[in-house]
Amino acid sequence: MKLRIHSLCFFLGFLLLSLAPSSMAKFMVEKNSLTVTSPDKIKGNYDSAIGNFGIPQYGGSMTGNVVFPKDNQRGCKEFSEYGISFKSKPGALPTIVLLDRGRCFFALKVWNAQKAGASAVLLADDRKEKLITMDTPKEDGSSAEYIENITIPSALIEKRFGEKLKSAISGGDMVNINLDWREAVPHPDDRVEYELWTSSNDECGVKCDMLMKFVKNFKSSAQVLEKGGYTQFTPHYITWYCPKAFISSKQCKSQCINHGRYCAPDPEKDFSSGYDGKDVVIENLRQLCVFKVANETKKPWVWWDYVTDFQIRCPMKAKKYNKECADAVINSLGLDHKKIERCMGDPNADSENPLLKEEQNAQVGKGARGDVTILPTLVVNNRQYRGKLEKGAVLKAICSGFEETTEPAVCLSSDVETNECLDNNGGCWQDKAANITACKDTFRGRVCKCPLVDGVQFKGDGYKTCEASGSGRCKINNGGCWHEAQNGHAFTACLDNGKVKCQCPLGFKGDGVKSCEDIDECKEKKACQCPECKCKNTWGGYNCSCSRDLLYIKDHDTCISKTASPQGKSAWAAFWVLLVGLVMAAGGAYLVYNYRIRSYMDSEIRAIMAQYIPLDNQEGVVNHVNEERA
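All values reported here derive from a predicted model rather than from experimental measurement. (Residues numbered from 1 in each chain as written. Predicted model: local features only at pLDDT ≥ 70, side-chain atom pairs only at ≥ 80, totals over all residues. Heavy atoms only, no water.)

Participant: Before we go on, may I ask you to explain the overall build of the chain in this structure?
Facilitator: Each helix and strand in the chain was counted, giving 14 helices and 30 strands. Here the chain has roughly 34800 Å² of accessible surface; of this, 53% comes from carbon and sulfur atoms. (Helix = DSSP H or I, 4+ residues; strand = E, 2+ residues; numbered from the N terminus. Areas by Shrake-Rupley, 256 points an atom, 1.4 Å probe, with all protein chains shown as cover.)

Participant: I would appreciate a short explanation of the sheet that holds strand β20 (residues 467-469) in the present structure.
Facilitator: Strand-to-strand pairing in sheets goes through backbone hydrogen bonds, with the strands running parallel or antiparallel. Strands sit in the order β18-β19-β20 across an open sheet of three strands; the sheet is antiparallel. Two strands bound the open sheet, and with one partner strand each, they are β18 (452-453) and β20. When β18 meets strand β19 (residues 456-459), the two strands line up antiparallel, connected through two bridges. Note that in β19 the partner of valine 453 across the bridge is valine 456. (Pairing = 2+ DSSP bridges.)

Participant: Teacher, can you tell me more about the pairing of strand β5 (residues 120-124) here?
Facilitator: Remember that side chains alternate between the two faces of the sheet whenever the strand is regular. Most of β5 is tucked away, with five of its five residues classed as buried. Across the two faces of β5 the burial is the same, with Ala120, Leu122 and Ala124 and Val121 and Leu123 all buried. Across five bridges, strand β4 (residues 95-100) lies against β5 in parallel orientation. By the bridge assignment for β5, aspartate 100 is matched with alanine 124. Handedness of the crossover is the feature at issue here: the chain leaves β4, passes through helix α2 (residues 106-115), returns alongside β5, and the resulting connection is right-handed. In terms of strand pairing, β5 meets strand β6 (residues 154-157) through four bridges, oriented parallel. Bridge assignment links valine 121 to a residue of β6, and that residue is serine 154. (Buried < 20%, exposed > 50% of the residue type's maximum accessible area, 1.4 Å probe, protein only. Right-handed = clockwise from strand over helix to strand, strands pointing away.)

Participant: Sorry, what's going on with the state of the cysteines here?
Facilitator: Here a disulfide denotes a covalent bond joining the sulfur atom of one cysteine to the sulfur atom of another. Enumeration over the complete set of coordinates arrives at 15 disulfides. Paired through a disulfide, cysteine 522 and cysteine 535 show a sulfur-sulfur distance of 1.8 Å. Judged by the sign of its S-S torsion, about -75 degrees, the bond between cysteine 522 and cysteine 535 is left-handed. Taken together, the positions of cysteine 522 in the loop between β26 (517-518) and β27 (533-538) and cysteine 535 in strand β27 put the pair 13 residues apart, joining distant regions of the chain. For cysteine 522, a relative accessible area of 18% corresponds to the buried category. The residue that forms a disulfide with cysteine 528 is cysteine 544, at a sulfur-sulfur distance of 1.8 Å. (Disulfide = S-S within 2.5 Å.)

Participant: Looking at this model, I keep getting lost on the nonpolar core. Mind explaining?
Facilitator: Side chains of nonpolar character tend, in soluble globular proteins, to be buried together. Among the nonpolar cores identified, the biggest contains 58 residues, and Tyr194, Phe218, Trp304, Tyr306, Ile340, Val394 and Ile398 are the most heavily contacted of them. Ranked by the residues each element gives to this core, the list is headed by helix α7 (residues 277-296), at nine residues. Counting 23 residues, the second largest nonpolar core, distinct from the first, contains Ile84, Phe106, Val121 and Leu156. (Core = buried A, V, L, I, M, F, W, Y, C linked by side-chain atoms within 4.5 Å.)

Participant: Can you help me understand the pattern of salt bridges in this one?
Facilitator: Oppositely charged side chains can form a pair if their charged atoms are brought close together. Summed over the entire model, instances satisfying the criterion amount to 14 salt bridges. The salt bridge partner of arginine 286 is glutamate 283, with a shortest N-O separation of 2.6 Å. Here the residue arginine 286 and the residue glutamate 283 both occupy positions in helix α7, the gap between them amounting to three residues, near one helical turn. The residues arginine 286 and glutamate 283 share a single accessibility class, namely buried. (Salt bridge = Lys/Arg side-chain N within 4 Å of Asp/Glu carboxyl O.)

Participant: Would you explain the environment of valine 121 in this entry?
Facilitator: Along the polypeptide, valine 121 turns up in strand β5. Take valine 121: its relative accessible area is 1%, and that puts it in the buried class. Distance in space between the C-alpha atoms of valine 121 and tryptophan 111 is 9.5 Å, their sequence separation being 10 residues.

Participant: Can you help me understand the sheet that holds strand β9 (residues 231-237) in this one?
Facilitator: Read across the sheet, four strands follow the order β9-β8-β12-β13 without closing on themselves; strand pairing throughout is mixed. With one partner strand each, in any of the chains shown, β9 and β13 (383-384) form the two edges of the open sheet. By the bridge criterion, four bridges tie strand β8 (residues 192-198) to strand β12 (residues 377-380) in an arrangement that is antiparallel. When the bridges of β12 are listed, tyrosine 194 appears paired with valine 380. Packed onto the sheet, helix α5 (residues 206-227) meets β8 and β9 and runs at close to 155 degrees relative to β8. (Contact = heavy atoms within 4.5 Å. Axes fitted to C-alpha atoms, helices over the stretch in contact; angles between N-to-C directions.)

Participant: How do you make sense of the packing of aromatic side chains when you look at a structure like this?
Facilitator: Both the distance between ring centres and the angle between the ring planes are used here to describe each pair of aromatic rings. Applying the stated criterion to the full structure yields 17 aromatic pairs. Seen in terms of ring centroids, phenylalanine 218 and tryptophan 304 are 5.8 Å apart; in terms of plane orientation they differ by 55 degrees. Their pairing is tilted. Of the two residues, phenylalanine 218 sits in helix α5 while tryptophan 304 sits in helix α8 (residues 302-313), which places them 86 residues apart along the sequence. Of the two residues, phenylalanine 218 and tryptophan 304, both sit in the buried class. With a centroid separation of 5.9 Å and an interplanar angle of 20 degrees, the aromatic rings of tyrosine 306 and phenylalanine 310 are classed as stacked. With tyrosine 306 and phenylalanine 310 both in helix α8 and four residues apart, this pair spans about one turn of that helix. (Phe/Tyr/Trp six-rings, centres within 6.5 Å; stacked < 30°, edge-to-face > 60°.)

Participant: Hey, could you run me through the confidence of the model for the chain in this one?
Facilitator: In low-pLDDT regions, the fine details of the predicted coordinates are not to be read closely. Chain-level statistics for the chain give a pLDDT mean of 81 and a share of 79% at 70 or above. Low pLDDT (under 50) marks residues 1-27, which in the prediction has 40 contacts with non-local residues, meaning those over four places away or in another chain. Long-range and interchain partners of residues 618-630, a stretch whose pLDDT sits below 50, account for 15 contacts in this model, where long-range means more than four residues apart. (pLDDT = per-residue confidence, 0-100.)

Participant: So what exactly am I meant to see when it comes to unusual backbone geometry here?
Facilitator: Leaving glycine aside, a negative phi is the common case for residues, and trans is the common case for peptide bonds. Look at the link from serine 38 to proline 39: it is a cis peptide, with omega at 5 degrees. With respect to the helices, strands and loops of the structure, proline 39 is situated in the loop between β1 (31-38) and β2 (44-50). Residues other than glycine seldom take positive phi values, yet lysine 298 does so here, at roughly 65 degrees. Here lysine 298 is to be found in the loop between α7 and α8. Classification of lysine 298 as exposed rests on a relative accessible area of 68%.

See the structure below:
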């Protein structure tokens with residue numbers, strides 16, 4: 001018992017030293033945006049600290065109605081004992097439950113509210129202080145089960161803001177708020193950089209079990225992202241150093257390497273049995289070198305293969321947590337064993353290990369990230385992740401780090417995103433008949449945007465209206481115009497001749513949009529009106545036939561004979577005689593006309609010439625010029 005107490009005190013000493021100097025330590029409280037939309041008297045933006053359990057909706061937002069229960073206001077008991085339910089009715093906003101801090105764990109309050117149907121939980125601080133991160137309680141059998149099953153987001157709010165919400169609710173106001181996680185993770189470009197602060201220790205209780213399970217489940221998604229160049233992943237390992245005054249102590253020698261420079265707590269928290277802290281440090285260093293060597297060969301994703309295989313093949317409980325087992329895993333993955341050994345260096349040397357020194361420096365917060373003090377910790381685009389370390393939740397956080405519209409297909413998988421367009425079409429416009437919708441599901445939520453279908457762009461607000469525009473419009477659902485088919489014949493009112501419009505086709509009448517009715521050309525006497533014609537109406541047209549052996553000519557609406565009869569021959573003969581006579585008459589007229597013109601021209605020329613030179617037979621010439629001048 002004495003050894004256990006001493007080990008615990010030594011571990012706490014390491015933990016305090018890891019934060020030294022305290023003036024430099026900086027633990028970041030990750031926040032999400034909270035906006036009160038009603039009532040007007042408290043309308044505005046407020047800070048809230050994301051809880052380190054449950055599943056924050058990274059990349060998304062939630063609008064809901066705030067409820068403060070009359071009983072069980074701290075949420076330490078199940079709400080069913082008070083007959084309270086927070087389940088939202090169909091069509092109503094999600095219920096966001098407001099609870100007071102105190103008397104029981106944060107996570108237990110959220111769990112009780114979740115079981116009662118809450119969609120999210122706000123915990124009002126009971127003291128005036130800066131916001132803190134709500135963490136899970138110490139791991140034990142009773143809390144592990146409900147912590148694992150919390151799936152709703154939660155946040156801590158300041159005491160003053162909590163009092164404003166309670167006052168508005170007690171006054172009968174409907175309090176609506178919007179929780180927004182879209183900017184909880186920055187998304188500056190089309191690649192996400194993320195890091196996981198982990199440990200090879202598999203005997204630290206519930207958190208170690210959770211970490212091992214996460215690494216195993218997340219492996220496939222991580223490798224898809226890394227192989228596709230969508231992410232840049234880096235593993236990290238927390239170490240502590242031993243104070244100089246204790247370097248020669250049994251505790252430091254068993255928990256540290258490189259003469260007290262890099263230490264880890266005893267896995268079983270018992271110096272007298274099992275593995276030592278230095279065993280964990282050495283394996284952590286080996287895993288760092290596996291990543292470094294794999295990264296040099298342009299295959300950084302092999303790290304995921306190594307750590308998952310090591311978990312399975314070399315667990316502490318099976319007494320296989322050693323170099324021999326690790327070497328077997330390395331060989332099976334085809335990694336360069338000698339390079340890894342050189343990278344690790346000598347753990348007994350009284351000198352710095354470059355790789356572990358970098359790890360200790362990296363623990364100190366830089367920029368907006370803050371110090372890494374919680375194990376495990378996930379950092380996405382330099383922001384510490386808050387929430388359940390679970391495949392779907394983490395993938396959602398990583399995917400929210402992509403610049404909008406650049407997220408890979410894995411971000412729209414069922415593990416991450418539920419298709420909002422499946423529920424009432426997301427409230428967007430749709431044409432069920434043509435199977436066309438304006439709803440587009442994206443990682444950050446659905447977008448109502450008129451679609452582009454087969455080269456035809458629809459235009460409108462995307463919510464109530466979308467109309468096809470431009471050439472080719474008639475190909476899409478007949479351009480929204482009337483269309484119908486009967487007996488193998490189809491008609492449409494859509495015209496696409498540069499200016500698309502709905503106009504009933506020939507043979508129909510109507511508005512062209514909702515209806516086009518067949519015109520009875522026979523009844524309305526619009527066709528087939530010659531004496532010999534017989535008219536029969538059809539859908540979209542008519543049939544006209546002639547009596548006896550006559551042939552109907554539609555363009556002239558008349559009937560002509562199909563065969564030549566004696567009377568017909570006589571008629572044709574008369575026609576040809578008349579035609580020949582007309583041609584001969586025309587020819588004679590032309591000859592007479594030509595003779596007169598030539599005579600006239602001849603006399604004119606002779607008259608003009610007679611004015612200048614004497615001509616024979618001059619007396620008989622008529623002077624037309626003089627006549628015109630007289």
